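Topology and contacts: notes
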Amino acid sequence: MKSYLAAAIQMTSKPNLEKNLAEAEELIELAVRRGAELVGLPENFAFLGKEADKLAQAQDISLKAEKFLKTMAQRFQITILGGGFPVPVEADPTKAYNTAILVAPTGTELTRYQKVHLFDVDVPDGNTYRESSTVMAGQSLPSIYPSEQLGNLGLSICYDVRFPELYRHLSHQGADVLFIPAAFTAFTGKDHWQVLLQARAIENTCYVIAPAQTGNHYERRYTHGHAVIIDPWGMILADAGEKPGMAIAEINPTRLKQVRQQMPSLQHRVFV
Ligand SMILES: O=C(O)CNC(=O)[C@H](CS)NC(=O)CCC(=O)C(=O)O
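Residues numbered from 1 in each chain as written. Predicted model: local features only at pLDDT ≥ 70, side-chain atom pairs only at ≥ 80, totals over all residues. Heavy atoms only, no water.

**Brief notes about the side chain of Glu66**
Among the structural elements, Glu66 can be located in helix 3 (residues 58-76). Side chain to side chain, Glu66 and Arg112 meet in a polar contact 3.2 Å long. (Helix = DSSP H or I, 4+ residues; strand = E, 2+ residues; numbered from the N terminus. Polar contact = N/O pair within 3.5 Å; in protein donor to acceptor, adjacent residues only side chain to side chain.)

**Description of the UniProt feature "domain: CN hydrolase" (unreviewed entry) in the protein**
With numbering aligned to this structure, UniProt lists the feature "domain: CN hydrolase" (unreviewed entry) at residues 4-253. Across residues 4-253, the secondary structure splits into 28% helix and 36% strand, with the terminal C-alpha atoms separated by 9 Å. (UniProt positions renumbered as here; feature names shortened; annotations may be inferred.)

**Things to note about the side chain of Thr188**
Position of Thr188 among the secondary structure elements: in helix 5 (residues 186-204). Since its relative accessible area comes to 12%, Thr188 is described here as buried. Setting aside residues up to four positions removed in sequence, Thr188 forms contacts with Val123, Arg162 and Trp193. (Buried < 20%, exposed > 50% of the residue type's maximum accessible area, 1.4 Å probe, protein only. Contact = heavy atoms within 4.5 Å.)

**Re the packing of helix 1 (residues 17-33) against helix 3**
The interhelical angle for the contact between helix 1 and helix 3, taken along N-to-C directions, is 20 degrees, at an axis separation of 11 Å. Looking at the two axes, helix 1 sits roughly parallel to helix 3. Seen along the crossing, helix 1 lies across helix 3 with a hand that is right-handed. Between helix 1 and helix 3, the residues in contact are Leu17, Glu18, Leu21, Ala24, Glu25, Ile28, Glu29 and Val32 and Asp60, Ile61, Lys64, Phe68, Met72, Arg75 and Phe76, respectively. Counted by class, the contact of helix 1 with helix 3 contains 9 nonpolar, no polar and 6 charged residues. (Axes fitted to C-alpha atoms, helices over the stretch in contact; angles between N-to-C directions. Parallel < 35°, antiparallel > 145°, perpendicular 65-115°, else oblique. Left-handed = near helix turned anticlockwise from the far one by under 90°. Nonpolar A, V, L, I, M, F, W, Y, C, P; charged D, E, K, R; others polar.)

**A closer look at the nonpolar core**
By size, the foremost hydrophobic cluster in this structure holds 45 residues, and its most contacted members are Leu197 and Ile209. In contact with Leu197, not counting residues within four places along its chain, are Val161, Ile180, Val208, Ala210, Val228 and Ile230. Counting residues in each nonpolar core, the second largest holds 30 residues, with Ala24, Leu27, Phe45 and Phe47 among its members. (Core = buried A, V, L, I, M, F, W, Y, C linked by side-chain atoms within 4.5 Å.)

**Overview of the site of the ligand**
Around the ligand sit 15 residues in total, of which Asn44, Lys115, Arg162, Thr188 and Arg221 are the nearest. A distance of 2.7 Å separates an oxygen atom of the ligand from a polar side-chain atom of Asn44. Between an oxygen atom of the ligand and a main-chain N or O atom of Thr185, the distance comes to 3.0 Å. Calculation on the ligand without its partners gives an accessible area of 500 Å², and the protein chains cover 97% of this total. More than half of the atoms belonging to the ligand lie within 2 Å of the grid points that define the largest pocket. Its residues assigned to classes, the shell around the ligand comprises 7 nonpolar, 3 polar and 5 charged. (Near = heavy atom within 4 Å. Areas by Shrake-Rupley, 256 points an atom, 1.4 Å probe, with all protein chains shown as cover. 1 Å grid on protein atoms, 1.4 Å probe; cavity = no way out; pocket = protein on both sides within 12 Å on 5 of 7 lines; lining within 4 Å. Sits in = over half its atoms within 2 Å of the grid points.)

**Describing the packing of aromatic side chains**
Taken as a whole, this structure holds 5 aromatic pairs when the rule is applied. Residues Phe119 and Tyr159 carry aromatic rings whose centres are separated by 5.0 Å and whose planes lie at 65 degrees to one another, so their mutual orientation is edge-to-face. Here the residue Phe119 occupies a position in the loop between strand 5 (109-114) and strand 6 (120-122), and Tyr159 occupies one in the loop between strand 10 (151-154) and helix 4 (164-172), the gap between them amounting to 40 residues. When sorted by exposure, Phe119 lands in the same class as Tyr159, which is buried. (Phe/Tyr/Trp six-rings, centres within 6.5 Å; stacked < 30°, edge-to-face > 60°.)

**Structural notes on the layout of surface pockets**
Its boundaries defined by the atoms lining it, the largest pocket holds a volume of some 460 Å³. Together, 32 residues line the largest pocket, and Asn44, Glu51, Phe119, Tyr129 and Arg221 are the ones closest to its centre. Those elements giving two or more residues to the lining of the largest pocket turn out to be helix 2 (51-56), strand 3 (79-89), strand 4 (92-103), strand 7 (128-130), strand 13 (212-218) and strand 14 (221-224). Residues of the lining of the largest pocket, tallied by class, amount to 15 nonpolar, 9 polar and 8 charged. Empty space within the second largest pocket amounts to approximately 160 Å³. Forming the walls of the second largest pocket are Glu18, Leu21, Glu25, Lys64, Lys67, Phe68, Thr71, Met72 and Arg75. Mapped by element, the contributors of at least two residues to the lining of the second largest pocket are helix 1 and helix 3. Here the element with the most residues in the lining of the second largest pocket is helix 3; it accounts for 6 residues. (Points joined across faces, edges and corners; volume = space filled by probe spheres on them.)

Structure below.
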């Protein structure tokens, strides 16, 4: 593993696939110009709209999002994470998997994860979320992708951040970097987002790369923003704030080793 720059992209995706991909392309290009070799896009980067509209367009979103990620990775010679887009479930036309994929600079898919924990929550601000009405829950824990250059990369999506056992599973497999792409609600985000991300970084002594959605997407859907990169000690290395843009920071194996020496808690695990 070498030292390199990673970018966590922040977007305000809308119910408009073409527009979102054009915005993502601009931000990826900017990240590359700033030297990023690993770029993460947030959950719902390709489409953020009503559940029914998303499902109706799922086939189109799925094909175009996947093609887009492969084209970007090859054009800019970067590794790229697409932090969550709907992939239709063949056996059930009423459902899609909320899928994240990691793509190599060659355009090859390295690994894929289907979101396991679905956000079925009545948020106290009056918004109701029933992700399970259109999303099929993934059945298996994510596996890490061992990259010689970039370290062991672990995937997850958004609401997963509240389930520490998933990240324990990743760190148990040797994860160095945890991806937590999200579309966190503005209401929960203000109190929980940063705390949860820092906890996952600290307890697993891993880097956290958390691309995010921000602002108003349609009607009353607001997300929290603050795409961040956090180091294994829990320090916020970069924070994208509230506007579309990105957080960029160095992922450094020497720092990783240093923190794991200073705080060897992973070696002291008793139960998992
Ligand atoms: O907001 C939207 O319309 C899009 N959001 C999403 O697609 C996903 C699934 S509904 N959001 C989350 O998982 C939020 C989790 C969260 O916010 C928390 O855990 O507090």
